[in-house]
Amino acid sequence: MSGKEIRDEWNKSQSKYNADEVFVWVQCTFSEVIPYLFLSVELAVCRLTIKFAANYFLIYPRSCKCNHGWTARNSDAQPRDKFKRDSLYIDKQGKLRNFNHKKVSRKRGGSLRGQGWKYGSGFVDGIFPVLSPDAQQILNFMKKESDVNRVWDALNSLPPTHTTWDDIINVAVQFRLNKRWDPIILMCEWILYRSSFQPDVICYNLLIDAFGQKSSPEKAESTYFNLLEARCIPTEDTYALLLRAYCTSGLLDKAEAVFMEMKNYSLPPSAVVYNAYIDGLIKGRNSQKAVEIFQRMKRNCCQPSTDTYTMLINLYGKANRSYMALKVFNEMKSQKCKPNICSYTALINAFAREGLCEKAEDVFEQLQEAGIEPDVYAYNALMEAYSRAGFPYGAAEIFSLMQHMGCEPDRASFNIMVDAYGRSGLHEDARLVFEEMKRLGIEPTMKSHMVLLSAYSKVGNIIKCEEIVTRMHKSGLDPDTFVLNTMLNVYGRFGHFKKMEQVLSVMENNKPYVPDITTYNILINIYGRAGYFEQMEEIFRLLPSKKLQRDVVTWTSRLGAYSRKKQYSKCLEIFEEMITDGCYPDGGTARVLLSACSTKEQVEQVSLVLRTMHKDMKLDV
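This text gives an overview of the structure that appears in the document. Since the model is a prediction, treat every value here as computed from it, not as a measurement. (Residues numbered from 1 in each chain as written. Predicted model: local features only at pLDDT ≥ 70, side-chain atom pairs only at ≥ 80, totals over all residues. Heavy atoms only, no water.)

1. Comments concerning the overall build of the chain
So the rule is basically this: A run of H or I in DSSP becomes a helix once it reaches four residues, and a run of E becomes a strand once it reaches two; helices and strands are each numbered from the N terminus. Any residue under 20% of the maximum accessible area for its type is buried, any over 50% is exposed, and the rest in between are partly exposed; the area is computed with a 1.4 Å probe on protein chains only. Residues count as neighbours in contact if any of their non-hydrogen atoms are within 4.5 Å of one another. For accessible areas, the Shrake-Rupley method is used with a probe of radius 1.4 Å. Any residue's cover is judged against the shown protein chains and nothing else.
The secondary structure content of the chain amounts to 30 helices and five strands. Burial status across the chain gives 46% buried among its 621 residues. Across the chain, the fraction of contacts at a sequence separation of at least 24, relative to all contacts at a separation of at least 6, is 61%. Accessible surface, the chain as shown: approximately 33200 Å² in total, 51% of it carbon and sulfur.

Put into structure tokens, the structure is as follows:
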């Protein structure tokens, strides 16, 4: 049909439909110069405007009032082609709502919009630099070249103009987004020491950030002093980056000194500074101090931001304290601080780690009701919740729904599905998902092989486990300590002690495979279950000489060996040693100790001890 005939047909159709009918916008691919045209279509389901290409299938909105239920596809099914996402959904109250894709998307796009570089930008807020052709050439050159003299000579050849300055800063910010710190250091040090440019606070901030990320707080501090000597006025971003550099390296005294320095410049700490402080403490594994700074922030009447609350939700979630994560989330909403997609995802993850899939699903629904479109991270968190709860087909249903809604699964999505099937003993389904991932061109990583290895080790398929390790070697992936610990465990559980000891010998005599406390905990548990008390006690005794701290698993595994023999007195003796060593028991320790009891009096004695300890025990984050 020619373009003229299509227009005539369109004009005739105008008299057939009234204003209540719905229009669908179709992008045509005809050879004539008619790029867009409107067709009138009457839909009986609901009123909806959809934009889609002519060669796409018509996808009904997910808010259709029908009895259709989402079903999981087989693990070997091919994924559906990505289509344009609709923007409508019906909330719990039956109201029609829509998403703003550009506003909530975390995909890269957009520009700096003249705002300049600021601490924290480029990760969630969607602000990214747009590179000019010259800047793109500089970026490509810096990706390939790492020699200082060559880089500086190349930069010296650039004209000293404002445009060049903008290009260099934009390239540095682009490297920051990709977490490439060495090129940033090369470029910023060239500006400081070799160029004719006058460095400004942006240059110093980028350099402080890069040194902080590379765990070089001394160089970050030196850069700050250079900033002061150059009579450049530090901003709150400068102090935020310096704070994080100190905290990540555990230099808390210097971090506190930064607050005093800010007072000298009459800069009261803002949410940006406190966020950097908390972020650095979390990265430095000082969770308790991070919570203290959060409380101080509120006492000093500094309103926590969305990022502040999100970090605390993540902190409690990783500590398996989802009830505290929920408390922080509710406090966030009570303070009229609007949660973003990261906040909701962090809370879903908190519930997911404890396998609380119903609560995770409820938060996922709240995310949608807030008008936010779930991204791959949110879907992955919900899948993880079903996986940890032992419902692999629930995870598969979310995986299928994610594809249906036009959200492309990533490598983590496939890893979660492999793990979900593996946890439930469905090793064949786990293998099929693993193979499907490779078929789609997604290269399996160490994590991918690990979850498949765990699936086969769970059912005791030693041959398959050995095949996976061999495959890892062939693909250029050197098995790490975690992989070898898994092999130790599977050999020991099924009585292959000679192979287990061979693996241990490889780990102890090869630097890349350094045994950790988990390695020896596995051996103590295996020898204890087998009744080899001498070998178990020998390993337990040598741990301090290997500079390894005995943890609650170490003590509980040793206790379990004697508990199975009902040696109550010996168990009490080990329990007292455990407390003296500063290791507090957990639920597993209590169960093992109670299982050693043979009489009612012994049970009452142990129960009294445990209750007393529980009252006095200090709970850390």
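Moving on, there is more to tell.
2. Notes on the packing of aromatic side chains
By convention here, two paired aromatic rings are described through the distance between centres and the angle between planes. What counts is decided by this rule: When two rings of Phe, Tyr or Trp (its six-membered ring) have centres within 6.5 Å they constitute a pair, described as stacked for plane angles under 30 degrees, edge-to-face for angles over 60, and tilted for the intermediate range. Placement of a charge over a ring requires the Lys NZ or Arg CZ to be within 6 Å of the ring centre, with the centre-to-atom vector within 35 degrees of the ring normal.
In total, this model carries 16 aromatic pairs according to the counting rule given. Ring pairing ties together the aromatic residues Trp165, Trp190 and Phe197, which thus form one cluster. Its guanidinium or amino end placed over the ring of Phe259, Arg296 lies 5.6 Å from that ring's centre, counting from NZ or CZ. Lying across the ring of Tyr562, Lys570 places its NZ or CZ 5.4 Å from the centre.

3. With respect to helix H19 (residues 411-423)
Quick note on the threshold: Multiplying 1.5 Å by the residue count of a helix minus one yields the expected span of that helix. Counted as a polar contact is a pair of N or O atoms within 3.5 Å, where, for protein atoms, one must be capable of donating a hydrogen and the other of accepting one, and residues adjacent in sequence contribute only when both atoms are in side chains.
Here H19 spans 18 Å end to end across 13 residues, near enough to the 18 Å set by a 1.5 Å rise per residue. For H19, the buried fraction is high: ten of the 13 residues fall into the buried class. Burial in H19 covers these residues: Ser413, Phe414, Asn415, Ile416, Met417, Val418, Asp419, Ala420, Tyr421 and Gly422. The inward-facing, buried residues of H19 contact helix H17 (376-388), helix H18 (392-404), helix H20 (427-439) and helix H21 (446-458). The N-capping residue of H19, defined by a side-chain oxygen 3.2 Å from the backbone nitrogen of Ala412, is Asp410.

4. Description of the packing of helix H10 (residues 252-264) against helix H11 (residues 271-283)
As a reminder of what qualifies: Lines are fitted to the C-alpha atoms to define the axes, a helix being fitted only along its stretch in contact, and any angle between axes, read from their N-to-C directions, falls within 0 to 180 degrees. Here roughly perpendicular refers to angles of 65 to 115 degrees, roughly parallel to angles under 35, roughly antiparallel to angles over 145, and oblique to all remaining angles.
Contact geometry for H10 and H11: axes closest at 12 Å, N-to-C directions at 175°. When the axes of H10 and H11 are compared, the pair comes out roughly antiparallel. Here H10 contributes Leu252, Ala255, Glu256, Phe259 and Met262 to the contact with H11, which in turn contributes Val273, Tyr274, Tyr277 and Leu281.

5. Quick word on the state of the cysteines
Here is the rule: Two cysteine sulfur atoms form a disulfide, by the criterion used here, when they sit within 2.5 Å.
One pass over the full model with this rule turns up zero disulfides. Cysteine Cys571 shares no disulfide, and the gap to the nearest cysteine sulfur, in Cys597, comes to 8.5 Å.

6. Some words on the side chain of Glu221
Mapping Glu221 onto the fold places it in helix H8 (residues 217-229). Among residues more than four places away in sequence, those in contact with Glu221 are Leu242, Tyr246 and Lys254.

7. A look at the pattern of salt bridges
Operational definition: Whenever a carboxyl oxygen of Asp or Glu lies within 4 Å of a side-chain nitrogen of Lys or Arg, that contact is scored as a salt bridge.
The tally for this structure, following the rule as stated, stands at 23 salt bridges. One salt bridge connects Asp279 with Lys283, and the closest N-O pair in it is separated by 2.7 Å. Highlighted residues: Asp279 and Lys283, both in helix H11, separated by four residues, approximately one helical turn. Assessed through its relative accessible area of 47%, Lys283 is described here as partly exposed. Each member of the salt-bridge network shares a partner with another, and the members are Arg176, Asp209, Arg244, Asp279 and Lys283.

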